[in-house]
Amino acid sequence: MAVTGAVLVLFLVGHMVGNLKSFLGADSFNHYAEWLRTVGSPALPNRTLLTIAEIGLVVAVVLHMWSAVSLARRAAKARPVKYAARVKPQAGGYATRTMRYGGVIILLFVIWHLLDLTFGVVNPKGGQATPYDRLVAGFAPDRWWVTVFYLVAMVMVGLHLRHGLWSALQTLGLAHRYKALKATSTVVSAVLVLGFAAVPVAVMIGVVK
């Protein structure tokens, strides 16, 4: 769970940085998208490293989900009888109670996101348009519901990430620094959420166009 989570966090950081290039204009964003497909060329065929990264991400997601299910089953098996008194977990709160459903929302969002901005199947510009044009068309004002869905998914990612980071740090035996680590988890999650949310909001209000 921790290893696959770390892989996904690193991906999120890199993906956020790439998304923010849209504020530098179409040329910068399209150049970045092209670089992703040609990195390693001419030593390697185009998309070689990108395909390896995509396969790695799929494997990480599947293993992350499998780990979550396995840990839940192990916990239920270890304690088949409910506690007499319900005690709030140290890392509890809203994020803890929504990890499972938040994960489902994130998965549905990822599927839509790929169909929209990667393959262009549900994008108004289609798959042949440039990445920048698909981005602007995908979050156009008349498709406000897509932006809302995106923002809800990003909030779920933030809650998921905040709880996951805190749980990982707690597992490493750092729970004695509860306040500092909880604050760090919150800040990291907030930065990622705001970084991802900035782009669709900017498109919708006309800053990125």
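The name that an unreviewed UniProt entry assigns to the protein chain is Succinate dehydrogenase, with the source organism given as Planotetraspora kaengkrachanensis. Regarding the protein chain, the relevant UniProt record gives this comment under Subcellular location (unreviewed entry): "Membrane".

Draft legend 1. Looking closely at the UniProt feature "transmembrane region" (unreviewed entry) in the protein chain. The residues that UniProt annotates with the feature "transmembrane region" (unreviewed entry) are residues 49–72, 98–115, 144–165 and 186–208. The distance from the first to the last C-alpha atom of residues 49–72 is 34 Å, and the span holds 100% helix and 0% strand. Taken end to end, residues 186–208 comprises 83% helix and 0% strand; its first and last C-alpha atoms sit 28 Å apart.

Draft legend 2. Broad picture of the environment of Val13. Turning to its location among the elements, Val13 is positioned in helix H1 (residues 2–20). A residue is classified by how much of its surface remains accessible, and Val13, at 37% relative accessible area, is partly exposed. Distance from Val13 to Phe196, taken between C-alpha atoms, is 9.6 Å for residues 183 residues apart in sequence.

Draft legend 3. Main features of the packing of H1 against helix H3 (residues 48–78). Between H1 and H3, whose axes approach to 9 Å, the crossing angle comes to 135 degrees. If you check the angle between H1 and H3, you find them oblique. Judged by the sense of rotation from one axis to the other, the crossing of H1 with H3 is left-handed. Each of Thr4, Gly5, Val7, Leu8 and Phe11 in H1 lies in contact with H3, whose residues at this interface are Leu57, Ala60, Val61, Leu63 and His64. Its residues assigned to classes, the contact of H1 with H3 shows seven nonpolar, three polar and no charged.

Draft legend 4. Just the packing of helix H2 (residues 26–38) against helix H6 (residues 131–138), in detail. Following both chains from N to C, one finds H2 and H6 inclined at 115 degrees, their axes separated by 8 Å at the closest point. The segment H2 lies against H6, with Ala26, Phe29, Asn30, Ala33 and Arg37 engaging Pro131, Tyr132, Arg134 and Leu135. The residue inventory of the contact of H2 with H6, partitioned by class, reads six nonpolar, one polar and two charged.

Rules behind the numbers
Residues numbered from 1 in each chain as written. Predicted model: local features only at pLDDT ≥ 70, side-chain atom pairs only at ≥ 80, totals over all residues. Heavy atoms only, no water. UniProt positions renumbered as here; feature names shortened; annotations may be inferred. Helix = DSSP H or I, 4+ residues; strand = E, 2+ residues; numbered from the N terminus. Buried < 20%, exposed > 50% of the residue type's maximum accessible area, 1.4 Å probe, protein only. Axes fitted to C-alpha atoms, helices over the stretch in contact; angles between N-to-C directions. Parallel < 35°, antiparallel > 145°, perpendicular 65-115°, else oblique. Left-handed = near helix turned anticlockwise from the far one by under 90°. Contact = heavy atoms within 4.5 Å. Nonpolar A, V, L, I, M, F, W, Y, C, P; charged D, E, K, R; others polar.

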